[in-house]
Amino acid sequence: MVAPRSFAGVAGCDTMRAEDSMPIRLLSQEVASQIAAGEVVERPASVVKEAVENSIDAGAHDIRVDIRAGGKEYISVIDDGCGIPALEVEVAFQRHSTSKLSSAEDLDHITTLGFRGEALASIAAVSRMTFVTRSVVEPAGTLLRIESGDIVVHEESGRPAGTALTVEDLFFNLPARRKFLLSDRTEQRHVDAWLTRYAMAYPELRFTLSHSNNVVFQSPGNGRLRDVLIAVYGLEIGAAALEILSSGQPESPIGVSGLIGPPSLNRANRSYITLFVNGRWIQDTRLTYSVIQAYHTLLPTGRYPLGVVMVTLPPDQVDVNVHPAKSEVRFADTDAAFRAVQRSVRQTLIEQAPVPTANYSATGWGHEVSGSFADRHERFAGLGSGTDERQLPFGQSTDPGIESVHSLMLSRDGLPPLRVLGQLKLTYVVAEGPEGMYLIDQHAAHERVLFEHLLSDRNRASVASQSLLEPEMIDLAPDSADVLLEHIDILGELGFQVEPFGGTALLVRAVPAVVGNVDASSILEDVAAALLSGDAPLAKNLEELVAREVCKAASVKAGQVMAREEMEQLVRSLERTASPRTCPHGRPTMIHISVSQLARDFGR
Ligand code: ADP
Ligand code: MG
């Protein structure tokens, strides 16, 4: 027998005033579906995630995403997957309709990314959606236009096999939710993050991400994770990452693969550890910790590794149905998963990584890179081992104890050794080389030298920072303050120590040592302006963008007298950069007038 329910003494009921009370009734279909939709669709990035998962499940090879205003105005996801047969398209938009699951037992062995049958219905309920699809086995396609969940157009449409989904004005009918969306840039960053995650999880698929029709990221789709990593994080990290060795436990059902950074490439937070379980990106503090644990004693305290770790295990050993967004999972045996990851990563490090001897001095961390890693650096950099890398860019007060590692960038356009002749117009260094005369723009050349040093120091977590004698309070435009705080991690890794100081004010405690005594507030304003104006897509581009502004402010200006030794040191440093012929903004650092051109001009 069921006990009668008693409401006596329920907190809230006693205190509720009569005029507040509402009778209990069923929510309207519309409100109920909006509430349910809110669980799946939190922000533009959720739409992208769900649509991309559907494309992957549909067997697509080419997935293209374009967003405008961080996805708030417009999102389009186009795939070349199997499409949906005309008779099933409308069904796909009903809640709990899926082609991926038919019985409760199926939940035990899910091999697709989707299975809850909620995404299309949810997205359609909170946006204006256009959905065009054609099944590979049918001659014609279908176009649906749906507003707030109501189908307003259903017609035949021609398109190649596959599916194109367009979402406009997300949450236009849920103003409360729309209000909580963050700046375009922040929403865009969430979208970027999802797309790069899926690109890493599925290297055999080609992902293209555009912002307002400009391609900002593309994975090659050649099946090589390393190439995806290069597209996401840049050549230096991509080339240096170590392939995870299989854990060597043939009886274990848990497989671990992926790429991890050598200890020398470490970061100030955990956000560079990316985990996948059976092709699904997950957040899991214990698994993340197992990766960190594997680097025990190899990293300075407060530093974290970077890596992409893929765990595979039989579908019945992991429950993916924990949360509507599906980024949490439960393992049948959490300890086994933890051990497998930790063991594989550790073994990879021991067998492949050069162990950097981190020698802490009063001035900062220095790494002595030994063995195969150093050899690889030499080879990539095309530099002889005799090169004296201790020499610092001219005029810098940076601590000379920090050695810089050769850049991994291929030096395709290296410079011949140059002899400095003098300075022209207090702007150009005049030099001669075996091939003729060189006019070097002192500012652009110095920018290039500082830029490569700064990024290389940053990759080894050894950017020299200089504390201000007195912390400086700077007051900025609201947008500038926002964007700087949003990227406080990147600023920190490049040597800034900045704190929020209430409202639009920031407190600057330290600046990168290279900037010397340049006014901190003017640099930060320039950095903010660059962050705001740029398309600001992926992390590596953001770092470079900040580094460019720092180097622009720190480098010698046109009109400054340079001593001969300074000019010589500048030219020597420039010779050692990976791209000596352009400044970080892409302008030329030098003009070359060849011997033959001189002869021609003199009519010889
Ligand atoms: P789920 O992915 O959980 O099944 P969705 O609401 O995301 O639920 O999608 C419902 C159904 O619509 C899917 O099961 C699939 O059959 C179909 N579908 C959705 N997107 C695509 C697509 N891009 N290509 C082919 N079929 C799709
Ligand atoms: Mg789905």
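What counts, and where the lines are drawn
- Residues numbered from 1 in each chain as written.
- Chains lettered and ligands numbered in written order.
- Predicted model: local features only at pLDDT ≥ 70, side-chain atom pairs only at ≥ 80, totals over all residues.
- Heavy atoms only, no water.
- Pairing = 2+ DSSP bridges.
- Helix = DSSP H or I, 4+ residues; strand = E, 2+ residues; numbered from the N terminus.
- Axes fitted to C-alpha atoms, helices over the stretch in contact; angles between N-to-C directions.
- Contact = heavy atoms within 4.5 Å.
- Phe/Tyr/Trp six-rings, centres within 6.5 Å; stacked < 30°, edge-to-face > 60°.
- Buried < 20%, exposed > 50% of the residue type's maximum accessible area, 1.4 Å probe, protein only.
- Near = heavy atom within 4 Å.
- Polar contact = N/O pair within 3.5 Å; in protein donor to acceptor, adjacent residues only side chain to side chain.
- Areas by Shrake-Rupley, 256 points an atom, 1.4 Å probe, with all protein chains shown as cover.
- Nonpolar A, V, L, I, M, F, W, Y, C, P; charged D, E, K, R; others polar.
- Expected span 1.5 Å × (residues − 1).
- Core = buried A, V, L, I, M, F, W, Y, C linked by side-chain atoms within 4.5 Å.
- Domains from an automatic or database assignment.
- Patch = residues over 30% accessible without salt bridge, like charges linked within 9 Å, V, L, I, M, F, W, Y side chains within 5 Å.
- Salt bridge = Lys/Arg side-chain N within 4 Å of Asp/Glu carboxyl O.
- Parallel < 35°, antiparallel > 145°, perpendicular 65-115°, else oblique.
- Left-handed = near helix turned anticlockwise from the far one by under 90°.

Structural notes on the sheet that holds strand E23 (residues 505-512)
Then step 1. Strand order across the open sheet formed by 3 strands is E21-E23-E22, with antiparallel pairing between neighbours. Pairing within the sheet leaves two strands with one partner each, and these edge strands are strand E21 (465-475) and strand E22 (497-500). With direction set aside, neighbouring strand axes in the sheet form an average angle of 15 degrees.
Then step 2. Strand contacts of helix H15 (residues 520-533): E21, E22 and E23, with the helix running at about 70 degrees to E21, the strand carrying the most contacts.

Concerning the packing of aromatic side chains
Then step 1. On inspection of all chains with the given rule, the structure shows 6 aromatic pairs.
Then step 2. Geometrically, the ring pair formed by Trp194 and Trp281 is edge-to-face, given 5.0 Å between the ring centres and 80 degrees between the ring planes. With Trp194 in helix H6 (residues 184-201) and Trp281 in strand E12 (residues 280-282), this residue pair connects regions lying 87 residues apart in the sequence. One exposure class covers both Trp194 and Trp281, and it is buried.
Then step 3. A centroid spacing of 6.3 Å and a plane angle of 35 degrees characterise the contact between Tyr289 and Phe338, whose relative ring orientation is tilted.

Comments concerning helix H13 (residues 478-486)
Then step 1. Looking only at H13, the buried set comprises Ser480, Ala481, Val483 and Leu484.
Then step 2. The inward-facing, buried residues of H13 contact H6, helix H14 (488-493), E23 and H15.

Digging into the sheet that holds strand E9 (residues 242-243)
Then step 1. Spatial strand order, E9-E10-E13-E11-E12: 5 strands in an open sheet with mixed pairing. Of all strands in the sheet, those bounded by a partner on one side alone are E9 and E12.
Then step 2. By the bridge criterion, 6 bridges tie strand E10 (residues 255-260) to strand E13 (residues 307-312) in an arrangement that is antiparallel. Within the sheet, the bridge partner assigned to Leu259 lies in E13 and is Val308.
Then step 3. Packing against the sheet, helix H7 (residues 225-233) makes contact with E9, E10, strand E11 (273-277) and E13, and its axis sits at approximately 45 degrees to E10.
Then step 4. Along the sheet face, helix H9 (residues 285-294) touches E11, E12 and E13 and points at about 125 degrees away from the line of E11.

Structural notes on the site of ligand 1
Then step 1. If you check the shell around ligand 1, you find 18 residues, and the closest are Asn54, Thr98, Ser99, Lys100 and Gly117.
Then step 2. Between ligand 1 and the protein, one listed contact pairs an oxygen atom with a backbone N or O atom of Ala119 at 3.2 Å.
Then step 3. One of the backbone nitrogen or oxygen atoms of Leu120 is found 2.9 Å away from an oxygen atom of ligand 1.
Then step 4. A total of 530 Å² of accessible area belongs to ligand 1 in isolation, and the protein chains cover 92% of it.
Then step 5. Of the residues contributing to the shell around ligand 1, the split by class is 6 nonpolar, 8 polar and 4 charged.

Focus: helix H12 (residues 442-459)
Then step 1. For H12, spanning 18 residues, the distance from its first C-alpha to its last is 26 Å, which sits close to the expected 26 Å at 1.5 Å a residue.
Then step 2. Across the 18 residues of H12, 18 count as buried, placing the element largely inside the fold.
Then step 3. One side-chain oxygen at the N-terminal end of H12 lies 3.0 Å from the backbone nitrogen of His443; it belongs to Asp441.
Then step 4. Where H12 ends, the next residue or the one after it, Ala461, has phi of about 55 degrees, a positive value.

Quick word on the nonpolar core
Then step 1. With 65 residues, the main nonpolar core has Val52, Ile56, Phe93, Phe131, Met200 and Phe207 as its most contacted residues.
Then step 2. Here the element with the most residues in this core is H6; it accounts for 7 residues.
Then step 3. Per-domain counts for this core show at least three residues from each of domain 1 (29-218) and domain 2 (225-352).
Then step 4. Residue contacts for Phe93: discarding those within four places in its chain leaves Leu120, Ala121, Ala124, Met129, Phe131, Leu144 and Ile146.
Then step 5. Of all hydrophobic cores here, the second largest spans 35 residues; its members include Ile490, Phe496, Val515 and Leu531.

Topic: a nonpolar patch on the surface
Then step 1. A grouping of Leu27, Val31 and Ile35 is seen on the molecular surface, where their side chains present a nonpolar patch of about 270 Å² in accessible area.
Then step 2. Mapped onto the fold, Leu27 is located in the segment before helix H1 (29-40).

Here we look at the pattern of salt bridges
Then step 1. For the coordinates displayed, the defined rule picks out 19 salt bridges.
Then step 2. Note that Arg128 and Glu147 form a salt bridge whose closest N and O atoms lie 3.8 Å from each other. Of the two residues, Arg128 is situated in strand E3 (residues 128-134) and Glu147 in strand E4 (residues 141-147); the sequence distance between them amounts to 19 residues.
Then step 3. A relative accessible area of 29% means that Arg128 is categorised as partly exposed.
Then step 4. Through salt bridges with shared partners, a single network forms among Lys49, Glu50 and Glu53.

A closer look at the environment of Ser122
Then step 1. Structurally, Ser122 is set in helix H4 (residues 119-125).
Then step 2. Exposure remark for Ser122: the relative accessible area of 0% places this residue in the buried category.
Then step 3. Residues Ser122 and Ile35 lie 87 residues apart in sequence; the distance between their C-alpha atoms is 9.2 Å.
Then step 4. Setting aside residues no more than four positions away along its own chain, Ser122 makes contact with Ala37, Val40, Val41 and Arg95.

Regarding unusual backbone geometry
Then step 1. For Ser148, which is not glycine, the phi torsion reads 45 degrees and is therefore positive.
Then step 2. Tracing the chain through its elements places Ser148 in the loop between E4 and strand E5 (150-157).
Then step 3. Even without being a glycine, Thr297 presents a positive backbone phi close to 70 degrees.
Then step 4. Judged by its relative accessible area of 63%, Thr297 falls in the exposed class.

Quick word on the packing of H13 against H15
Then step 1. The geometry of H13 relative to H15 is characterised by a closest axis approach of 9 Å and an angle of 85 degrees between their N-to-C directions. Here H13 is positioned roughly perpendicular relative to H15, judged by the angle of their axes. Contacts between H13 and H15 involve Asp479, Ser480, Val483 and Leu484 from the former and Leu524, Val527, Ala528, Leu531 and Leu532 from the latter.
Then step 2. Grouping the constituent residues of the contact of H13 with H15 by class yields 7 nonpolar, 1 polar and 1 charged.

Comments concerning the packing of H12 against helix H17 (residues 564-575)
Then step 1. Relative to each other, H12 and H17 sit at 50 degrees, their axes nearing to 9 Å. For the element pair H12 / H17, the angle class is oblique. Every pair of crossing elements has a handedness; the one defined by H12 and H17 is left-handed. Here Gln442, Ala445, His446, Arg448 and Val449 of H12 lie close against H17, whose contacting residues are Leu570, Ser573 and Leu574.
Then step 2. Across the contact of H12 with H17, the residue classes break down as 4 nonpolar, 3 polar and 1 charged.

Topic: the environment of Tyr428
Then step 1. Topologically, Tyr428 is positioned in strand E19 (residues 428-433).
Then step 2. On the accessibility criterion, Tyr428 (33% relative accessible area) is partly exposed.
Then step 3. Sequence separation between Tyr428 and Ala444 is 16 residues, and the spatial gap between their C-alpha atoms is 9.8 Å.
Then step 4. Here Tyr428 is in contact with Gly422, Gln423, Leu439, Ile440, Asp441 and Gln442, once residues within four sequence places are set aside.

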